[in-house]
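Structural characterization, general
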Amino acid sequence: MSHEAYVSGDAKLGAHTLQECEGLIWKGRQLPVKYAVDAERRAFGDLLLFKDVVISPYPYEGTEQDLGNVQRLLWKHADRLSSAQLEESAGFKTYWAMQNDGSIHEMKVKSGKEAKRQWEEGIASGKVVGAAYAQLLVGGGLLIYHVEQAGKPLIAIMNLFRDGVRNPPRFHLNDPVLFKNIA
């Protein structure tokens, strides 16, 4: 299916199909259920396995206008700091929290699990109003930001770059993770 999409000129569908296959093989790469629903509909023309699943109301992609004020500030901050590390192409993952006074602090954590725990504690206490992380995949080529704030979708901002040239960012909208019960 991926090959057919690429051959017909639909690179986005081809890439999504490959990502869905990766999620079937490696559980750590599973995408949100909305992608699986779409994949079943494409593959079989009808929904059987996912017929009762309520999927995310957010579209696959949005624009910079979908970012909330906190998300925009976090993304710009993360982008400014991450851009300096792009030259190294060593791969990295950095976490930040925006406090209720508007200050942004880098979190000194060893894992995403620990960052999530700290974000959740800060959100519960009312001290954290936004969360972000930046990740450069090992070997370079793809820089990913996740930014989240209350009342907005989690937005994954993806930048492809080659030979020092960055493509325009793409904004993928997903259900909130940290702020799912906070309006």
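Located above this text is the structure these notes cover.
If you're wondering where the values come from, they're calculated on a predicted model, not measured in any experiment.

Rules used throughout
- Per chain, the residues get numbers from 1 upward, laid out in the order the sequence is written.
- Local features are withheld for residues below a pLDDT of 70 in this predicted model, meaning they are given only at 70 or higher, and side-chain atom pairs are given and counted only at 80 or more; totals for whole chains, interfaces and linings count all residues.
- Think of the side-chain values as coming from all heavy atoms in the structure, minus any hydrogens and water.
- Secondary structure elements follow DSSP: runs of H or I of four or more residues count as helices, runs of E of two or more count as strands, with numbering from the N terminus.
- The cut-offs for exposure are 20% and 50% of the maximum accessible area for each residue type, with area from a 1.4 Å probe on protein chains only; residues under the lower value are buried, those over the upper are exposed, and the others partly exposed.
- Pairs of residues are marked as contacts when any of their non-hydrogen atoms sit within 4.5 Å.
- Working definition: a ring pair exists when centres of Phe, Tyr or Trp rings (six-membered ring for Trp) sit within 6.5 Å. Plane angles under 30 degrees give stacked, over 60 give edge-to-face, the rest tilted.
- In this analysis the charged atom, NZ for Lys or CZ for Arg, is taken to sit over a ring once it is within 6 Å of the ring centre and within 35 degrees of the ring normal.
- Nonpolar cores are built from buried Ala, Val, Leu, Ile, Met, Phe, Trp, Tyr and Cys residues. Side-chain atoms within 4.5 Å join them into one set.
- Every case where a carboxyl oxygen of Asp or Glu lies within 4 Å of a side-chain nitrogen of Lys or Arg is listed as a salt bridge.
- Strand pairing is defined by DSSP finding a minimum of two bridges between the two strands.
- Expected helix span is given by 1.5 Å per residue-to-residue step, counting one fewer step than there are residues.
- Here the arc refers to the set of directions running from the helix axis out to each C-beta atom.

Re the overall build of the protein chain
Looking only at helices and strands, the protein chain has 5 helices and 8 strands in total. The secondary structure elements of the protein chain, listed N-terminal to C-terminal, are α-α-α-β-α-β-β-α-β-β-β-β-β. Here the protein chain holds 183 residues, and the buried ones make up 37% of them. Residue pairs in contact within the protein chain that sit at least 24 positions apart in sequence constitute 49% of those at least 6 positions apart.

Thoughts on the packing of aromatic side chains
Counted according to the given criterion, the structure contains 3 aromatic pairs. On the basis of an interplanar angle of 45 degrees and a centroid distance of 5.8 Å, the ring pair of Tyr95 and Tyr133 is categorised as tilted. Of this pair, Tyr95 sits in strand 2 (residues 92-99) while Tyr133 sits in strand 4 (residues 128-136), and the two are 38 residues apart along the sequence. Assigned by exposure class, Tyr95 and Tyr133 land together as buried. It is Lys93 that lies over the ring of Tyr133; its NZ or CZ is 5.0 Å from the centre.

Describing the nonpolar core
Most often, soluble globular proteins keep nonpolar side chains buried together rather than apart. Ranked by size, the top nonpolar core spans 19 residues in total, and within it Leu67, Leu74, Trp75, Tyr145, Val147, Ile155 and Ile157 carry the most contacts. Listed by contribution, the elements that provide at least two residues to this core are helix 4 (69-83), strand 2, strand 4, strand 5 (142-149), strand 6 (154-162) and strand 8 (170-174). Beyond its immediate stretch of four places on either side in the chain, Leu67 contacts Arg72, Trp75, Val147, Lys152, Ile155, Ile157 and Phe171. Within the second largest apolar cluster, 12 residues are counted, among which are Val109, Ala115, Ala131 and Tyr133.

Considering the pattern of salt bridges
Under the criterion given, the structure shown has 8 salt bridges. A salt bridge links Glu114 to Arg117; the nearest nitrogen and oxygen atoms lie 2.5 Å apart. Highlighted residues: Glu114 and Arg117, both in helix 5 (residues 112-125), separated by 3 residues, approximately one helical turn. What makes Glu114 partly exposed here is its relative accessible area of 26%. The class of Arg117 is partly exposed, set by a relative accessible area of 37%. With a shortest N-O distance of 2.3 Å, Arg117 and Glu121 are connected by a salt bridge. Highlighted residues: Arg117 and Glu121, both in helix 5, separated by 4 residues, approximately one helical turn. Looking at Glu121, the relative accessible area reads 47%, which means it is partly exposed.

Quick notes on the pairing of strand 8
Among the 5 residues that make up strand 8, 4 are buried, leaving the element largely enclosed by the rest of the structure. The pairing of strand 1 (residues 61-62) with strand 8 spans 2 bridges and is antiparallel. Residue Gly62 lies in a different strand from strand 8, and its bridge partner there is Phe171.

Things to note about helix 5
Here helix 5 spans 20 Å end to end across 14 residues, near enough to the 20 Å set by a 1.5 Å rise per residue. Along helix 5, the residues classified as buried are Ala115, Trp119, Gly122 and Ile123. One side of helix 5 carries all its buried residues, which in axial view fall inside an arc of 100 degrees. For helix 5, the exposed residues lying more than 90 degrees away from the buried face are Lys113 and Ala124. Here the buried face of helix 5 lies against strand 2, strand 3 (104-107) and strand 4. In the stretch just after helix 5, Gly126 is the one whose phi turns positive, near 85 degrees.

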